[in-house]
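Here is how the chains run, residue by residue.
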Amino acid sequence: WGNPHMLMGDLMVGNSSKCGSALLQKGCYLAAINQYSKAKSVDSGVADKASEKISRYSSSKYRLSSDDKESAFMQGYQEGSTLKLPCIGTSVTLRF
């Protein structure tokens with residue numbers, strides 16, 4: 001049952017560049033990490049692959065930074081706020 005979550009995560013990553021601002025793009029990676037975590041929790045058969053992708057997309061290149069936190073604050077967001085991601089049809093809770 002983990003493969004659908006893996007696919008959803010991959011689609012979110014693949015569409016991240018179409019989301020506009022850096023905050024929205026990085027939000028897509030956060031949404032993908034959530035999907036990979038779900039895949040890992042429901043299917044041990046995809047756990048290694050999911051862990052690899054979680055590690056990759058948790059790196060500083062994709063993670064929300066202090067600059068992103070400042071930008072988010074200027075847009076009315078803070079830690080724990082819900083960020084809507086219309087480009088991938090979901091939302092995430094911001095974690096900096």
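Residues numbered from 1 in each chain as written. Predicted model: local features only at pLDDT ≥ 70, side-chain atom pairs only at ≥ 80, totals over all residues. Heavy atoms only, no water.

S.K.: Looking at this structure, how should I read helix H2 (residues 22-42)?
M.R.: Every α-helix winds through 3.6 residues per turn, so residues three or four apart in the chain are directed the same way. Between the first and last C-alpha of H2 there are 31 Å, a value that for 21 residues agrees with the 30 Å anticipated at 1.5 Å per step. Here H2 has its buried residues at Leu23, Lys26, Gly27, Cys28, Tyr29, Leu30, Ala31, Ala32, Ile33, Gln35, Tyr36 and Ala39. For H2, the elements touching its buried residues are helix H1 (3-15), helix H3 (47-57), helix H4 (66-74), strand E1 (82-85) and strand E2 (90-93). (Helix = DSSP H or I, 4+ residues; strand = E, 2+ residues; numbered from the N terminus. Expected span 1.5 Å × (residues − 1). Buried < 20%, exposed > 50% of the residue type's maximum accessible area, 1.4 Å probe, protein only. Contact = heavy atoms within 4.5 Å.)

S.K.: Would you explain the pattern of salt bridges in this entry?
M.R.: A pair can form between side chains of opposite charge whenever their charged atoms are brought close. The final tally for this structure, using the stated rule, is three salt bridges. Across the salt bridge formed by Glu52 and Arg56, the nearest N and O atoms sit 3.1 Å from each other. With Glu52 and Arg56 both in helix H3 and four residues apart, the pair spans about one turn of that helix. On the basis of relative accessibility, which here comes to 47%, the residue Glu52 falls in the partly exposed class. (Salt bridge = Lys/Arg side-chain N within 4 Å of Asp/Glu carboxyl O.)

S.K.: Help me out: how do you make sense of the packing of H1 against H2 in this one?
M.R.: For any two helices packed against each other, one specifies the inter-axial angle together with the distance between the axes. The geometry of H1 relative to H2 is characterised by a closest axis approach of 8 Å and an angle of 170 degrees between their N-to-C directions. By the angle class used here, H1 and H2 are roughly antiparallel. Packed against H1, whose contacting residues are His5, Met6, Met8, Gly9, Asp10, Met12 and Val13, the element H2 presents Cys28, Tyr29, Ala31, Ala32, Gln35, Tyr36, Lys38, Ala39 and Val42 at the interface. Taken together, the residues that form the contact of H1 with H2 break down as 11 nonpolar, three polar and two charged. (Axes fitted to C-alpha atoms, helices over the stretch in contact; angles between N-to-C directions. Parallel < 35°, antiparallel > 145°, perpendicular 65-115°, else oblique. Nonpolar A, V, L, I, M, F, W, Y, C, P; charged D, E, K, R; others polar.)

S.K.: Explain the environment of Thr93 here, please?
M.R.: Residue placement: Thr93 occurs in strand E2. Accessibility expressed as a relative area gives 42% for Thr93, which makes it partly exposed. Measuring from C-alpha to C-alpha, the distance between Thr93 and Pro4 comes to 21 Å, with 89 residues separating the pair along the chain. Each residue touching Thr93, except ones within four places of it in the same chain, is listed here: Leu30, Gly80 and Ser81.

S.K.: Just to check I follow, could you spell out the nonpolar core for this structure?
M.R.: A general trend in soluble globular proteins is that nonpolar side chains are found buried together. Counting 25 residues, the largest nonpolar core has Tyr36 and Tyr57 as its most contacted members. Among the secondary structure elements, those contributing two or more residues to this core are H1, H2, H3 and E1. When residues in this core are grouped by element, the largest group, nine residues, is from H2. Residues contacting Tyr36, with those up to four places away along its chain left out, are Met6, Gly9, Asp10, Val13, Ala50, Lys53, Ile54 and Tyr57. (Core = buried A, V, L, I, M, F, W, Y, C linked by side-chain atoms within 4.5 Å.)

S.K.: What should I look at first to understand the state of the cysteines in this one?
M.R.: In a disulfide, the sulfur atoms of two cysteines are covalently bonded to one another. Tallied over the entire structure, the rule returns one disulfide. The disulfide bridge from Cys19 ends at Cys87, spanning 1.5 Å between sulfur atoms. Here the S-S torsion is close to 90 degrees, and the disulfide linking Cys19 with Cys87 is therefore right-handed. Of this pair, Cys19 sits in the loop between H1 and H2 while Cys87 sits in the loop between E1 and E2, placing them 68 residues apart in sequence. Relative accessible area serves as the criterion here: at 8%, Cys19 is assigned to the buried category. (Disulfide = S-S within 2.5 Å.)

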